[in-house]
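Geometric and topological summary
The primary structure of each chain is shown beneath.
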Amino acid sequence: MTLPSSRVFVDGALEGRVAIVTGGGTNLGKAAASELARCGASVVIAGRREDVLEEAAADVGERCSWVAADIREQAGAEQIVGTALERFGRVDLMLNNAGGQYMVPAESLATKGWRAVHRLNVDGTLAMCRAAYELAMRDAGAGRIVNVTVSPHHGMPAMAHTGAARAAVEAITRELASAYGARGVAVIAVALGRLDTESLRKYPAELWKSAAASVPFQRLGSVEEYGWLIALLATPLGAALSGSVVTLDGALDNWFGPWPPTGLTRDGVVPTEERRPVA
């Protein structure tokens, strides 16, 4: 099957590169894998459900293959990286896209739930970072690791557990960027706002229907935009962003509550106060 061209990047922009995408069977992971493949990269998607991965790889196209393993275990992380090395001989991009959470008020959060979210989002990400660096990127003297976190950073009702886990991932990103940089390996975090995914729509309708109203850009992000950002970070420019948290959220991180803010609008527009002349 001939893959369509990217809408942003020239054909072959990532030719010869090899990428691993965890959580690549659905939603954002599948979108990122698709864009990387359009740009010419060979992509290995990873997850725990073989049937989902097999179907997704067929949809992405001939440049995509899959491996089933559990990133929460170091052995599973090493299996994923080892499989990519066996198939392609290198790993240029490690996208730690896998993650998850569920809605629960902080005061009702059980220890078991807290640990489950931490184990997937923090332990799984760290395991994949280590496996990619130690097995593939350190000796190659090059590579890109991208860790997915969330926005807004100023708190999310009923999501304290994932907020804490993703903050830990951002801290890990900064430290690993320093530790791995001497070997030419860049580590970057991507903080995602409210994107129009199937995952968002699993939450109560009241939440996802009003989600766009809380974004100053006044719309949900698209999975395609996420794919474009990941492909950009896979280019040589990505190395210059090592240690950064790149936020893709339509300015959500700059505001909380509805936008425009209730009580501050006049005929639906935020008024501009007239300035007094400067003497």
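Read on for a plain summary of the structure. (Residues numbered from 1 in each chain as written. Predicted model: local features only at pLDDT ≥ 70, side-chain atom pairs only at ≥ 80, totals over all residues. Heavy atoms only, no water.)

Some points on the side chain of Thr22
Put simply, the test is: Working definition: helices are DSSP H or I runs of at least four residues, strands are E runs of at least two. Numbering for both runs from the N terminus. Identification of polar contacts relies on pairs of N or O atoms within 3.5 Å, with a donor-acceptor requirement for protein atoms, meaning one able to donate a hydrogen and the other able to accept it, and with residues adjacent in sequence counted only if both atoms are side-chain atoms.
Assignment of secondary structure puts Thr22 in strand 1 (residues 18–22). Of the polar contacts made by the side chain of Thr22, one reaches the backbone nitrogen of Asn97; its length is 3.0 Å.

Observations regarding the nonpolar core
Spelled out, the test is: Put simply, buried Ala, Val, Leu, Ile, Met, Phe, Trp, Tyr and Cys residues joined by side-chain atoms within 4.5 Å make one nonpolar core. Type-normalised accessible area, obtained with a 1.4 Å probe on protein chains alone, sets the label of each residue: buried when under 20%, exposed when over 50%, and partly exposed for intermediate values. Any pair of residues with heavy atoms lying within 4.5 Å of one another is described as a contacting pair.
Leu36, Val43, Ile45, Leu95, Tyr226 and Ile230 are the most contacted members of the largest nonpolar core, which totals 34 residues. Among the elements that line this core, the one with the most residues is helix 7 (residues 223–234), at six residues. If we skip the residues at most four places from it in the chain, Tyr226 touches Leu28, Gly29, Ala32, Leu95, Asn97, Val148, Leu192, Leu195 and Leu248. With 33 residues, the next largest nonpolar core counts Ile20, Met94, Ala127 and Tyr133 among its residues.

Side note on the side chain of Glu35
Along the chain, Glu35 falls in helix 1 (residues 27–38). Polar contacts involving the side chain of Glu35 include one to the side chain of Ser6, which spans 2.5 Å. Other than its neighbours up to four places away in sequence, Glu35 contacts Ser6, Phe9, Gly227, Trp228 and Ala231.

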